[in-house]
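# Examination of the molecular architecture
Single-letter residue listing:
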Amino acid sequence: MTAGRERRVTLCAKTTAVSAIPVRPGKTHPLSALDHAMARHFLRLVFYFRAAPTLTKSRLMNSLSEVLSYYPAVTGRLHREPVEDAAGGGSEWRWVVKCNDAGLRLVEARAHTTLDEWLASATDGEEMDLAHSEPMGHDTSIWSPYCVQLTEFDDGAVAIGLSSAHINADLTSAILIVRAWSDAHRRACIVFPPFLHAPALDPRPNPNPNSALFSSKSAAAAASTEPAATTKMSSATFVFSDASVKSLLSDAGDASPFDALAALFWTRIAAPELGAADLTLGIDMRKRMHAPLPYAFYGNAFHFYRVRGVDLGAGLSRVAAEIRRVGEGVREEDFWEAVEWLHERRPGRREAEPAFQVYGPELTCVEVDRDAFAYGTPFEDNDGCRPAHVTCRVDGTEGAGLVLVMPAAAEGAARQVVVTLPDDVVAKVCRDAAIAKYEPTVLFAPAGVKKG
Amino acid sequence: MPSSEAPPEFLSSVKLKYVRLGYQYLANHMATVLLVPVMVGFLLEALKQDPAELVSLWRALGISAVQILSTFFVLVLVGTAYFMSRPRPVYLVDFACFRPASNCRVPFATFLEHARLMPFFDEKSVRFQVRILERSGLGEETCLPPANHYIPPRASLEAARAEAELVIFSAVDELIAKTGVKPKDIDILVVNCSLFCPTPSLSAMVVNKYKLRSNILSFNLSGMGCSAGLISIDLARDLLQAHPNSYALVISTEIITPNYYAGNERAMLLPNCLFRMGAAALLLSNCRRDRGRAKYRLLHVVRSHKGADDRAYRCVFEEEDRDGNSGINLSKDLMAIAGEALKTNITTVGPLVLPVTEQLRFLASLVARRLMGASRPGWRPYIPDFKRAFEHFCIHAGGRAVIDELQRSLGLSAANVEASRMALHRFGNTSSSSLWYELGYIEAKGRMRRGDRVWMIGFGSGFKCNSAVWRCLRSVSTPVDGPWTDCIHRYPVDIPEVVKLL
C-alpha cells in the first residue's frame, strides 16, 4: 500500500475524554436486535476541516466534553447482561451498554503534510490512519467502543476521526454525534439531540419473524466452515459534482441520484458479465416508518433488502428504474419482520446462530446520510468552516464489497461514492470509461491506481 | 460516634440543664460577675450621700492638681505602651479558590480503566487502587491536571508549570477581582507548594505574571507537606507584625503533575488515588481601615512538630521503590501518629480558646487522674468539648480515615465535619488548599455569621499538626461566588461507606 513511503501520520498521545456532567449511576442502555446483528462491523468516519482560529485541540476537547453529557451511551462500556430466561436456563445474555461514565478514547496525532496535499495524494490505507480504532479484546469493560482521533496538519487544518463499533450506532447516529459536537463547539443549540430510547426497536406484540435475506446470509455463514480466502479489499472515493450528477440523471431517466449511481456502479462492477444479477441495498428507515423515529435516534435503524434478477445489460436507465421500483416497494412491515427474525436469533440466546456479515459478502449498496448532515457540520460560525471532505467507511465487508452513496461537499445534487471492493475490482472501476464519462474526482484510491 | 454512657434520668431533666447553663455562664464570666455587684453597690452608696459631703470627702483626701496630672500622665503612658505592644490585628480580607474545569474530571470508571491500561501496573496494584477508591469518600467530579489524563501520564516540567500557571493564576485573578486590590499594593507574597519546586520559584512566577513591586518580600515554601498552608499564614502574620499597613498575598497549592507514581508498591499508590488539583489564594492585611470590609480575623496560629520522633519523621516519606520509581510512602501507623500530633496541638490550643468551665473540667480530670493513678480501669482522659469553643471546623480533607479519626477523637458531630467530608467528595484531597474549599462550603451554605469562630486543622509530612483560629467579622450572605457556586444546591450528599465499582 504505502511501500517505500514513510507513514505521514504519527500518533502522539492517547487519553480519554469524559463528559462534563456525571452520569446518574446505574444507567444502562440496552441494545436492540438490529444492533446485535452488526457485531462484525466497525464504522470509520473522517471529517476534514480547514484551519480556523477556534479549531484548536484544547477547545475541541472542551466542546467534546460538553456534548458527551448528552450521550451517556457513548461514554459507557459494553457489558454482557444475563437475561431472565422463561425456561429458567439462566445461560442467556444480551449486550447492554453500562453507562458508567468511563468516557471515550481520544487519540492525538500529527500529519506531516498539508491538507490539500493529503487530499491529492493519500491512499485508502493512509486515510484510515486518521481514524484510529482499537480491537475489542476479551475484556469489554475497559474497551472504549468509540475512539476519536484529532489530527493536526502542517497548515493548521484538523481531521476529526471517529471510529465506532457498529453494534452501538449506525452511520446516521455517528454523523449526528459529530454534528452535535460542532453545535456545542459553536456554542449554538444542539439541533439534533440524541434520542436514546432502545425499546423503539423492540419486536411488535404480534411478531412475524421473516427475513429471506438474513436467512440466506446466516445459512451461507454457517455453511462456510473453512475461512474464506480473504481477498484483499481496497477502497476509493469518487466525488461527482452537481453537473456530473445531473448529466448522469439525464442518462438514467427518471431516477433519484442514489438509484442512478447505484445502477452505474453495479453495472460497471459486474462488467463484463452483464446478465441477471442481484444486489443488496440498504436504507435508513428512520423516516420511512409510520411513526417516524427522530433523525437522532441513537442506534442501528437500517433496513437491507434485495433487488433480484435485474438484467444488467438492459441499460443504465432500466437498471435504475428497477432499483427505484423495488426501493419504493419497501414496506415498514418488511423492516419489522426482519427485526423480529433477528430478535429470535440474537447472540446470547440458545437458538443463536453464528454471527454473519450484514454488509456483504455479496455486493451491497447503501444510501448514507440522505439528509446531508455530514457536510452541514460547521465548527465555526461562518459557512467557510464546513468540512472540506467527509469520509465514511465500514470495516468487516469482505467478499464482493460495499458501495456507499452519500452527499458531497458541493451543494445541490453532488454526490460522493465510497467503494470498498477487492483490489482488482477497484483498479478496474477507477479506470472504467463509463464512470469516467461523468468526470468524478477520485480521492483516496489505492497506490498504483492511475487517477482520472 | 463519640462514645459516652447514656446520662441518668435526672441529669437530662430540663431544670438541671438550666442549672448547668447558669454555672457555665457564672464560671466563664467570673470577672464580670464579681465586679458588677461591687460597682453597683459602690454607686448606690455614693448616690445615697449628699453631694456636698462627697465634695468635702474629695477635699479631705488632699490630692493636689500635680498628683492628678501625673496620675493621668502615667495612665496615658501605660495605656499607649499597652496598645503599641499588642500584636497588630491580621485580617483576612477575602479568599478565592481555583475552580477546576469539568472536562478535567476523573470519574471512577475512567480512573480504573486507565489503571488497567497502564503498562506498569500489575493486577494486584489495580485491585488495590480499586479498593482504595471505593472507600475513599471521593466523588465523581474531582479533577486531575490534563497531563495525568494521558495513557501513560505525560509528566514534564512544562506540563507541571502549565498546571501551576492554570491553578495559581485563576485563583489570584479571582481574588483580585473580589477584593479590588492592586497588584502593586501587595507587600508580602508567600507561596507554598510541597512537591513541585522549579527554578525560578513559583513565587517568582507570580511576581512576573502580575508585575509585583521590586521591593516585595516574597517567600516560597516547598517540601512542607499538606499543612504548609497554615505555615504560610503564620509566616505572613509574623511579617505583618514587622511591617505596618501592608497587604500579604498567600497562595496555597499542590502541583500533582510530576508526582504520579508508576510503580507497584502499595503504600505509595495512595496519593495517586486521592490527590487532586486545587489552589487557594488569600489576601491578609493589617490595615485598620480594612476591618470594615474584612471577612475574618486571625486569632491564633499554633504549630506542633513531631519530627523529633523517628517514627513520626518517617511516617510520610518520599522515596524510591525497588524499581527506581519515586513516590510518597505512607506508613501504616499514620493515623496513630496523627492522633498524637493532634493531642500535642490541642494541648496548646485548648487554653487559648476554651471557655473557663471546660478548662476547669480538664484540670479537674487531670488532677483526679494524677491522684487516683492512671491505671484505674475505665477512666479515660477527659477530652475538652471543643464544640463549645468553635462554631465551625475545617479539618484537612486528607482522606476519609483522617476525618473519621478526628471526628471520633474530638467528639464532633456529623454536622461539624460535614464541610470536610463534602469538600473531599467534590474536590478530593487538594492538600494545603483543602481547608479553604471547606471554608468556602460553609460560606456557600450561608452558615457563617458574624462572631463565629472557625478552627482549621492541617496535618502534614514531618509529622506536623497546625491549627489556625479565625473569627468571622461580618456575616457572609448567600449566594456566594466561589468554587461551590454551581454545585452547592446538590450538597450535602450521602457518601456511602463503600462505592461498588466493579
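Parameters and conventions
- Residues numbered from 1 in each chain as written.
- Chains lettered and ligands numbered in written order.
- Predicted model: local features only at pLDDT ≥ 70, side-chain atom pairs only at ≥ 80, totals over all residues.
- Heavy atoms only, no water.
- Helix = DSSP H or I, 4+ residues; strand = E, 2+ residues; numbered from the N terminus.
- Buried < 20%, exposed > 50% of the residue type's maximum accessible area, 1.4 Å probe, protein only.
- Contact = heavy atoms within 4.5 Å.
- Areas by Shrake-Rupley, 256 points an atom, 1.4 Å probe, with all protein chains shown as cover.
- Lys, Arg positive; Asp, Glu negative; His and termini not counted.
- Charge placed at Lys NZ, Arg CZ, Asp CG, Glu CD.
- Core = buried A, V, L, I, M, F, W, Y, C linked by side-chain atoms within 4.5 Å.
- Polar contact = N/O pair within 3.5 Å; in protein donor to acceptor, adjacent residues only side chain to side chain.
- Salt bridge = Lys/Arg side-chain N within 4 Å of Asp/Glu carboxyl O.
- Phe/Tyr/Trp six-rings, centres within 6.5 Å; stacked < 30°, edge-to-face > 60°.
- Lys NZ or Arg CZ within 6 Å of the ring centre and 35° of its normal.
- Buried area = accessible area lost by both parts, 1.4 Å probe.
- Patch = residues over 30% accessible without salt bridge, like charges linked within 9 Å, V, L, I, M, F, W, Y side chains within 5 Å.
- Pairing = 2+ DSSP bridges.
- Axes fitted to C-alpha atoms, helices over the stretch in contact; angles between N-to-C directions.
- Parallel < 35°, antiparallel > 145°, perpendicular 65-115°, else oblique.
- Nonpolar A, V, L, I, M, F, W, Y, C, P; charged D, E, K, R; others polar.

### Thoughts on the overall build of chain B
Within chain B, the secondary structure is distributed over 16 helices and eleven strands. Along the first, second and third principal axes, the C-alpha set of chain B runs to 100 × 65 × 45 Å. Buried positions account for 49% of the 502 residues belonging to chain B. Partitioning the contacts of chain B with sequence separation of at least 6, the portion at a separation of at least 24 is 81%. A total of about 24,900 Å² of accessible surface is found on chain B, and carbon and sulfur atoms cover 60% of it. Counting 59 positive and 46 negative side-chain charges, chain B places the centres of these two groups 5 Å from one another.

### Quick word on the nonpolar core
Counting 124 residues, the largest nonpolar core has Ile160, Phe238, Phe265 and Trp266 of chain A as the members making the most contacts within it. For this core, the leading source of residues is helix 8 (residues 257-270) of chain A, giving ten residues. Setting aside residues no more than four positions away along its own chain, phenylalanine 265 of chain A makes contact with Phe238, Phe240, Val403, Val417, Val419, Val429 and Ile435 of chain A. Among the nonpolar cores identified, the runner-up in size contains 79 residues, and Met422, Phe427, Ile488 and Ile495 of chain B belong to it.

### As for the side chain of serine 252 of chain B
All names here are of chain B. With respect to the helices and strands, the residue serine 252 is situated in strand 4 (residues 247-254). A relative accessible area of 1% places serine 252 in the buried class. There is a polar contact of 2.9 Å between the side chain of serine 252 and the side chain of asparagine 192.

### Considering unusual backbone geometry
At the junction of isoleucine 151 of chain B and proline 152 of chain B, the peptide bond is cis and its omega measures out at -10° in the coordinates. A cis geometry characterises the amide bond from tyrosine 491 of chain B onward to proline 492 of chain B, with omega recorded as 0°. Counting through the fold element by element, proline 492 of chain B comes out in the segment after strand 11 (464-472). The phi angle at glutamate 439 of chain A is positive, at roughly 50°, despite the residue not being glycine. Locating glutamate 439 of chain A in the fold gives a position in the loop between helix 12 (433-436) and strand 16 (441-443). Its identity is not glycine, yet asparagine 245 of chain B carries a phi of approximately 50°, on the positive side. Considering the arrangement of structural elements, one finds asparagine 245 of chain B in the loop between helix 9 (228-242) and strand 4.

### Some words on the pattern of salt bridges
The final tally for this structure, using the stated rule, is 61 salt bridges over all chains. For glutamate 113 of chain B, the salt bridge is made with arginine 77 of chain A, and the minimal N-O distance between the two is 2.5 Å. Placement of the pair is glutamate 113 of chain B in helix 5 (residues 108-117) and arginine 77 of chain A in strand 4 (residues 77-82), with the two residues belonging to separate chains. As far as burial versus exposure is concerned, glutamate 113 of chain B and arginine 77 of chain A are alike and both buried. Here arginine 204 of chain A ties to glutamate 340 of chain A by a salt bridge, and the two come within 2.7 Å at their closest N and O atoms. Here arginine 204 of chain A is found in the loop between helix 5 (171-185) and helix 6 (212-223), whereas its partner glutamate 340 of chain A is found in helix 10 (residues 332-344), with 136 residues between them in sequence. Bridged by salt links that share partners, the residues Lys14, Arg77, Arg105 and Glu134 of chain A together with Glu113 of chain B form one connected network.

### Examining the side chain of aspartate 369 of chain A
All names here are of chain A. Looking at where aspartate 369 falls in the secondary structure, it is placed in the loop between strand 12 (364-367) and strand 13 (389-395). Despite its burial, aspartate 369 pairs with no opposite charge; the closest candidate is arginine 179, at 7.5 Å N-O. Here the side chain of aspartate 369 touches alanine 374 through a polar contact of 2.8 Å, landing on its backbone nitrogen. Not counting residues up to four positions away in its chain, the partners in contact with aspartate 369 are Ile175, Ala374 and Pro407.

### Digging into the packing of aromatic side chains
Residue and element names in this part refer to chain B. Under the defined criterion, the tally for this structure stands at 37 aromatic pairs over all chains. Pairing phenylalanine 120 with tyrosine 260 gives two aromatic rings, centres 6.4 Å apart and planes at 65°, and the pair type is edge-to-face. You can see phenylalanine 120 sitting in the loop between helix 5 and helix 6 (123-134) and its partner tyrosine 260 sitting in the loop between strand 4 and helix 10 (270-274), a full 140 residues away along the chain. Among the residues examined, phenylalanine 120 registers a relative accessible area of 25% and is labelled partly exposed. Through pairs of rings, three or more aromatic residues link up here, namely Phe427, Tyr437, Tyr441, Trp484 and Tyr491. The ring of tyrosine 150 has arginine 154 sitting right over it, with the charged end atom 4.5 Å from the ring centre.

### Details of the interface of chain B and chain A
Counting residues at the interface gives 16 residues for chain B and 22 residues for chain A. Contact between chain B and chain A buries roughly 1,600 Å² in total, counting both sides, with carbon and sulfur atoms accounting for 48%. Summed over the three residues of chain B that lose the most area to chain A, namely Asn103, Arg105 and Glu113 of chain B, the buried surface amounts to 34% of that side. Run the count over chain B and chain A and you get five salt bridges.

### Section: a positive patch on the surface
Residue and element names in this part refer to chain B. Together, Lys124, Arg131, Arg266 and Lys332 make up a positively charged patch on the protein surface. One can find arginine 266 in the loop between strand 4 and helix 10. Assessed through its relative accessible area of 37%, arginine 266 is described here as partly exposed.

### Observations regarding the environment of alanine 242 of chain B
Here alanine 242 of chain B shows up in helix 9. Residues alanine 242 of chain B and glutamate 391 of chain B, 149 residues apart in the sequence, show an inter-C-alpha distance of 31 Å.

### Considering the sheet that holds strand 16 of chain A
Residues and elements named next belong to chain A. In spatial order, the strands read 11-10-12-14-15-9-16; together these seven strands make up an open sheet with mixed pairing. Here the strands that pair on one side only, and so sit at the sheet edges, are strand 11 (302-311) and strand 16. On average, each strand axis in the sheet is tilted by 20° relative to the strand beside it, whichever way the strands run. Note that strand 9 (residues 233-240) and strand 15 (residues 415-422) share eight bridges and pair antiparallel. The residue bridging serine 234 from the neighbouring strand is leucine 421, located in strand 15. Here helix 9 (residues 316-328) sits on the sheet and contacts strand 10 (276-284) and strand 11; the angle it forms with strand 11, its principal contact strand, is near 140°.

### Description of the packing of helix 7 (residues 242-252) of chain A against helix 8 of chain A
Residues and elements named next belong to chain A. Running from N to C, helix 7 and helix 8 cross one another at 80°; their axes reach a closest spacing of 10 Å. In terms of their interaxial angle, helix 7 and helix 8 are classed as roughly perpendicular. Residue-level contacts link Val245, Leu248, Leu249 and Ala252 of helix 7 to Pro257, Ala260, Leu261 and Leu264 of helix 8. A breakdown of the residues in the contact of helix 7 with helix 8 according to their chemical character gives eight nonpolar, no polar and no charged.

### Looking at the sheet that holds strand 8 (residues 158-165) of chain A
All names here are of chain A. If you trace the six strands from one edge of the open sheet to the other, you get 1-6-7-8-3-13, paired in mixed fashion. In this open sheet, the two strands that pair with only one neighbour each are strand 1 (9-17) and strand 13. Geometrically, the sheet is characterised by an average inter-axis angle of 15° between neighbouring strands, direction not taken into account. Sheet topology places strand 1 next to strand 6 (residues 104-111); eight bridges connect them, and they run antiparallel. From the neighbouring strand, threonine 10 faces strand 6, where its bridge partner is arginine 110. Along the sheet face, helix 5 touches strand 3 (42-49), strand 7 (146-152), strand 8 and strand 13 and points at about 35° away from the line of strand 3.

### Examining the packing of helix 14 (residues 400-410) of chain B against helix 15 (residues 418-427) of chain B
Residues and elements named next belong to chain B. It is the contact of helix 14 with helix 15, at a shortest axis distance of 10 Å, that shows an interaxial angle of 175°. For the element pair helix 14 / helix 15, the angle class is roughly antiparallel. Packed against helix 14, whose contacting residues are Arg400, Ile403, Asp404 and Gln407, the element helix 15 presents Ser420, Arg421 and Leu424 at the interface. Of the residues belonging to the contact of helix 14 with helix 15, the class tally is two nonpolar, two polar and three charged.

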